[in-house]
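Given next are the chains, with one letter for each unit.
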Amino acid sequence: MTVLGAAERKVLEAVSAAVPEWYGPSARLLPGAGVQPRPWSVHLLPTVEAGGSLIPLVVKVPLWDQAADLAAALAAGPQPSTRTEFETLRRIEEMVEGRAGLAAVRAVGYLPDVNALVTEQLAGTPLRRLRRGREAALRGTGAWLRAFHDEIGAAAMHPVTEAHLAGLLEGTAPPEAAPGSLHAAAAEARREATGLRDAGVRQAVLHGDLGPSNVLVDPAGRVAVLDPNLGPGPVEADLAKLAVTLRTTRARLLAGTGGSGRAEAALLAGYGPVDREVLRICSRVATLRRWIEVEAGASGWR
């Protein structure tokens, strides 16, 4: 059984106090909970007993540079970005309603005293572990993402500003210890990306963290996309990030600058028309960022 610290217990006490409001006066939070530390959040996994049913929850408390552990995050108090994420999840539930093949997690509540976002666990298989029906799942992911960009991200044509370029190129500066080939690739990717300045590009509020771990296929074959990071940028940046992340090994990264061909084709078939030149540039930038991450893990850069 997981031993909970004071910070974890404080979060669960807040959840327990809210459970009767969410699920009815006889509902209760069962003792104990799993803990899943993530790079930018801590997830607690308690269970609610309500009406004879057991309902597994995910309680997410975000972390950031100034709050590197759960205790520091709780001391910092409520964060507007967490409330925004909760409101976005509610809108996603509305977005998928009536759309065949699409699903969403149920957003249960936001607890400002502990800055916690509470959802029900959605049963399913992450895309990264899916062995059958992968291309169908990627088409569904494309359809989900198109709906998200259009209905929640307010996709529209806008000129690319310096701020947009800074966001697109974030995380693409290799450390000094990186090989010359990586520095050369970074310079070329940045040169191409800056060519978008002032160009009219379809932009939206993006998911921002679209990877195989954040795509879930439920037992009915419906696709849900989890944990939106919510930042502005070209819509093609979301597509490029997922396609490139599917190239996980160093050897495959070095083999080219795009995503996996069949996977990308399935994703785009579900999404619909995109600007292929913008997609190419976003794919190059996403490949560079992924290359830096993979090399850093292999070489131990600081």
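Please refer to the structure placed before this passage.
Residues numbered from 1 in each chain as written. Predicted model: local features only at pLDDT ≥ 70, side-chain atom pairs only at ≥ 80, totals over all residues. Heavy atoms only, no water.

As for the overall build of the chain
Per the secondary structure count, the chain includes 10 helices and 13 strands. The C-alpha atoms of the chain give a radius of gyration of 20 Å, which matches the 19 Å a tight globule of 302 residues would have. With the C-alpha coordinates aligned to their principal axes, the bounding extent of the chain is approximately 60 × 45 × 35 Å. In the chain, of all internal contacts separated by at least 6 residues, the share reaching a separation of at least 24 is 68%. (Helix = DSSP H or I, 4+ residues; strand = E, 2+ residues; numbered from the N terminus. Rg over C-alpha atoms; globule rule 2.2 N^0.38 Å. Contact = heavy atoms within 4.5 Å.)

Side note on unusual backbone geometry
Positive phi values are uncommon outside glycine, yet Asn-115 reaches one of about 45°. Position of Asn-115 relative to the elements: it lies in the loop between strand 6 (107–111) and strand 7 (116–120). Positive phi, normally seen in glycine, also occurs at Asp-198, with a value near 75°. Topologically, Asp-198 is positioned in the loop between helix 6 (180–194) and strand 10 (200–206).

Focus on the nonpolar core
Membership of the largest hydrophobic core comes to 56 residues, with the highest contact counts inside it found for Ile-92, Met-95, Leu-127, Leu-138, Trp-144 and Leu-239. Among the elements that take part in this core, helix 4 (residues 134–152) stands out by supplying seven residues, more than any other. Apart from the residues within four sequence positions on either side, Trp-144 is in contact with Ile-92, Met-95, Val-96, Leu-102, Ala-103, Val-223, Ala-224 and Val-225. (Core = buried A, V, L, I, M, F, W, Y, C linked by side-chain atoms within 4.5 Å. Buried < 20%, exposed > 50% of the residue type's maximum accessible area, 1.4 Å probe, protein only.)

What about the sheet that holds strand 10?
Across the sheet, three strands lie side by side as 9-10-13; this open sheet has antiparallel pairing. Looking at strand neighbours, the two that pair on one side only are strand 9 (156–159) and strand 13 (231–234), the edges of this open sheet. Direction aside, the axes of adjacent strands within the sheet are offset by 45° on average. Across four bridges, strand 9 lies against strand 10 in antiparallel orientation. Residue pairing across strands places His-158 opposite Val-201, the latter belonging to strand 10. (Pairing = 2+ DSSP bridges. Axes fitted to C-alpha atoms, helices over the stretch in contact; angles between N-to-C directions.)

A few points about the pairing of strand 6
Of all five residues that make up strand 6, five are buried, and the element is covered over most of its length. When strand 6 meets strand 7, the two strands line up antiparallel, connected through four bridges. Paired with Gly-109 across the bridge in strand 7 is Val-118. Connecting strand 6 to the antiparallel partner strand 7 that follows it, the hairpin turn spans four residues, and Asn-115 within it adopts a positive phi of roughly 45°.

Considering the pattern of salt bridges
Charged atoms that come close allow side chains of opposite charge to pair. For the structure shown, the criterion picks out 16 salt bridges. Across the pair Glu-93 and Arg-90 runs a salt bridge whose closest N-O atoms are separated by 3.9 Å. In this pair, Glu-93 and Arg-90 both sit in helix 3 (residues 80–96), three residues apart, roughly one turn of the helix. Look at Arg-90 and you get partly exposed, because its relative accessible area is 37%. Residue Glu-192 is joined to Arg-280 by a salt bridge in which the shortest nitrogen-to-oxygen separation is 2.9 Å. Of this pair, Glu-192 sits in helix 6 while Arg-280 is found in helix 10 (residues 276–299), placing the two residues 88 residues apart along the sequence. Where salt bridges share partners, they join Glu-192, Glu-277, Arg-280 and Arg-284 into one cluster. (Salt bridge = Lys/Arg side-chain N within 4 Å of Asp/Glu carboxyl O.)

Regarding the sheet that holds strand 12 (residues 223–225)
Taken in spatial order, the three strands line up as 8-11-12 in an open sheet, and their pairing is antiparallel. Each of the sheet's edge strands pairs with one partner strand only, and the pair in question is strand 8 (125–126) and strand 12. As paired strands, strand 11 (residues 215–217) and strand 12 are joined by three bridges and run antiparallel to one another. Of the residues in strand 12, the one forming a bridge with Leu-216 is Ala-224. Set on the sheet, helix 4 makes contact with strand 11 and strand 12; between it and strand 12 the angle comes to about 55°.

Regarding the pairing of strand 7
Among the five residues of strand 7, five are classified as buried, and the element is accordingly described as predominantly covered. Side-chain alternation along strand 7 places Ala-116, Val-118 and Glu-120 on one buried face and Leu-117 and Thr-119 on a second face that is also buried. When strand 5 (residues 53–62) meets strand 7, the two strands line up antiparallel, connected through four bridges. Considered in strand 7, the bridge of Val-58 is made with Thr-119.

Side note on helix 7 (residues 235–245)
Most of helix 7 sits out of view: 10 of its 11 residues are buried. Within helix 7, the full set of buried residues consists of Val-235, Glu-236, Ala-237, Asp-238, Leu-239, Ala-240, Leu-242, Ala-243, Val-244 and Thr-245.

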